[in-house]
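# Examination of the molecular architecture
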Amino acid sequence: MDDELKVHVVNHPLVQHKLTMMRLKETNPKDFRDLLAEISMLMGYEITRDFPLQEIEIETPVARCRAKVIAGKKVGLIPILRAGLGMLEGLLDLIPIARVGHIGLYRDPKTLKPVEYYCKLPTDVSERTLIVVDPMLATGGSAAAALTMLKEHGARNMILMCLVSAPEGIRVVNREHPDVPIYTAAVDDHLNDSGYIVPGLGDAGDRIFGTL
Ligand code: PRP
Ligand code: URA
């Protein structure tokens, strides 16, 4: 992999195995969605690994003791529509009290530039750690635009979580948002002339929702 890319690759064997099942062209939308939800939960486990803990006093059936809980961290989950929705359920299972904001962007098929069509966010994004999710980081245009929109709404602390990334997209986010760590399950080879990740898994939104 290119040394200059700043990215955390989640190499857990379960993640890698499930991703391979998703890449298969025969995988149907239901299995694709289930696998994406499972991988999202596993990646969420990695991303939250460094969340700070605090000790509180509790009473078990046997004794009083001090025990650890997450230190008041407020989390926001931000799926980029549509395909990002496929990563929401697994993360919400992990962090059920997270608030959810939606950003609607689609990639113009000719220019490959992102076009915004929706934005609805929790009012207190500036106080939350936001996990921005989209399965595909291709040219990076959509992710970079979403992160910019969130910063314009006051966001200060963000993590980008993608399933499959192209080096091109990682470079764009590293350059435009050096403060935002990227987590991905794979860094693929390159983009083709239509802006698709190679080998990738095709159009994530179409495969999730069966709109091929
Ligand atoms: C896909 C994907 C990302 C974007 C990635 O969405 O889910 O949002 O493309 O490409 P980029 O890095 O070159 O911007 P798409 O525009 O196909 O919309 P959809 O999720 O509604 O299918
Ligand atoms: N969007 C997708 O869904 N897949 C790609 O390979 C690139 C962009």
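Everything that follows concerns the structure shown earlier in this document.
Residues numbered from 1 in each chain as written. Chains lettered and ligands numbered in written order. Predicted model: local features only at pLDDT ≥ 70, side-chain atom pairs only at ≥ 80, totals over all residues. Heavy atoms only, no water.

## Concerning the packing of helix H1 (residues 13-23) against helix H2 (residues 29-47)
What counts, and what does not: An axis is simply a line fitted to the C-alpha atoms; with a helix, the fit covers only the stretch in contact. Between two such axes, the angle follows the N-to-C directions and lies from 0 to 180 degrees. In DSSP terms, a helix is any run of H or I states spanning at least four residues, a strand is any run of E spanning at least two, and both are numbered starting from the N terminus. Oblique is the label for any angle not covered by the other classes, which are roughly parallel (under 35 degrees), roughly antiparallel (over 145) and roughly perpendicular (65 to 115). Left-handed describes a crossing in which the near helix is turned anticlockwise from the far one by less than a right angle; the clockwise case is right-handed. In what follows, residue pairs with any heavy atoms lying within 4.5 Å of each other are defined as contacts. Each residue is assigned to one of three groups, with Ala, Val, Leu, Ile, Met, Phe, Trp, Tyr, Cys and Pro labelled nonpolar, Asp, Glu, Lys and Arg labelled charged, and all others, Gly among them, labelled polar.
Between H1 and H2, the least distance of the axes is 9 Å, while the angle of their chain directions is 155°. Judged by the inter-axis angle, H1 sits roughly antiparallel to H2. Read as a crossing pair, H1 and H2 show a hand that is left-handed. On H2, the residues touching Leu14, Val15, Lys18, Leu19, Met21 and Met22 of H1 are Phe32, Leu35, Leu36, Glu38, Ile39 and Leu42. Grouping the amino acids of the contact of H1 with H2 by side-chain chemistry returns ten nonpolar, no polar and two charged.

## Thoughts on the site of ligand 2
Short version of the rule: Summary of the distance rule: residues count as near a molecule or strand when at least one heavy atom falls within 4 Å of that molecule or strand. Identification of polar contacts relies on pairs of N or O atoms within 3.5 Å, with a donor-acceptor requirement for protein atoms, meaning one able to donate a hydrogen and the other able to accept it, and with residues adjacent in sequence counted only if both atoms are side-chain atoms. For every accessible area listed, the method is Shrake-Rupley and the probe measures 1.4 Å; residues are considered covered only by the protein chains on display. Both cavities and pockets are sets of points on a 1 Å grid over the protein atoms alone; in a cavity a 1.4 Å probe fits but cannot get out, in a pocket the set is open with protein on both sides within 12 Å along at least five of seven lines, and lining residues sit with an atom within 4 Å of a point. Here the criterion for a molecule occupying a pocket or cavity is that more than half of its atoms lie within 2 Å of the pocket grid points.
Taken together, Arg107, Met136, Ala138, Gly195, Tyr196, Ile197, Gly202, Asp203 and Ala204 make up all the residues around ligand 2. Between ligand 2 and the protein, one listed contact pairs a nitrogen atom with a backbone N or O atom of glycine 202 at 2.8 Å. At 2.8 Å, a backbone N or O of alanine 204 approaches an oxygen atom of ligand 2. In isolation ligand 2 exposes 240 Å². Once the protein is present, 88% of that is buried. For ligand 2, the cavity whose grid points lie within 2 Å of the majority of its atoms is the largest pocket. In terms of residue class, the shell around ligand 2 is built from five nonpolar, two polar and two charged.

## Points about the environment of arginine 23
Our working definition: Classification of residues uses two cut-offs on accessible area relative to the type maximum, computed with a 1.4 Å probe and protein chains only: under 20% is buried, over 50% is exposed, and between them is partly exposed.
Mapped onto the secondary structure, arginine 23 falls in helix H1. Since its relative accessible area comes to 23%, arginine 23 is described here as partly exposed. Each C-alpha atom, one on arginine 23 and one on leucine 121, is 31 Å from the other, the two residues being 98 residues apart in sequence. Apart from residues no more than four positions distant in its own chain, arginine 23 is found in contact with Val164, Ala186, Asp188, Pro199, Gly200, Leu201 and Arg207. One polar contact links arginine 23 to aspartate 188, side chain to side chain, over a distance of 2.8 Å.

## A few points about the environment of serine 142
Within the secondary structure layout, serine 142 lies in helix H4 (residues 141-152). Using a relative accessible area of 17% as the deciding quantity, one classes serine 142 as buried. For the pair serine 142 and leucine 163, spaced 21 residues apart in sequence, the C-alpha separation works out to 14 Å. If sequence neighbours within four positions are ignored, serine 142 has contacts with Ile80, Leu105 and Pro114.

## Observations concerning unusual backbone geometry
The omega angle of the peptide bond from leucine 81 to arginine 82 is -5°, so this bond is cis rather than trans. Omega for the peptide link from valine 198 to proline 199 comes to 5°, which places this bond in the cis form. For proline 199, the location among the structural elements is in the loop between strand E13 (197-198) and helix H6 (204-209). The residue leucine 112 is not glycine, and still its phi comes out positive at about 65°. One can find leucine 112 in the loop between strand E6 (102-107) and strand E7 (114-120).

## Concerning the side chain of aspartate 206
Here aspartate 206 is to be found in helix H6. Accessibility expressed as a relative area gives 18% for aspartate 206, which makes it buried. Apart from residues no more than four positions distant in its own chain, aspartate 206 is found in contact with Arg82, Thr211 and Leu212.

## Quick notes on the packing of aromatic side chains
Aromatic rings considered in pairs are described by the distance between their centres and by the relative angle of their planes. Worth spelling out the cut-off: For this analysis, a ring pair means two rings from Phe, Tyr or Trp (six-membered ring only for Trp) whose centres lie within 6.5 Å, classed as stacked if their planes differ by under 30 degrees, edge-to-face if by over 60, and tilted for the remaining angles. Look at NZ for Lys and CZ for Arg. If either is within 6 Å of the ring centre and within 35 degrees of the ring normal, a charge sits over the ring.
Counted by the stated rule, this structure contains one aromatic pair. Ring plane angle 35° and centroid distance 6.1 Å describe the contact between tyrosine 106 and tyrosine 117, whose orientation is recorded as tilted. Residue tyrosine 106 is found in strand E6, and its partner tyrosine 117 is found in strand E7; the two are separated by eleven residues along the sequence. Look at tyrosine 106 and you get partly exposed, because its relative accessible area is 42%. Residue classification places tyrosine 117 among the partly exposed residues on the basis of a relative accessible area of 44%. Positioned above the aromatic ring of tyrosine 196, the side-chain terminus of arginine 107 is 5.7 Å from the ring centre.

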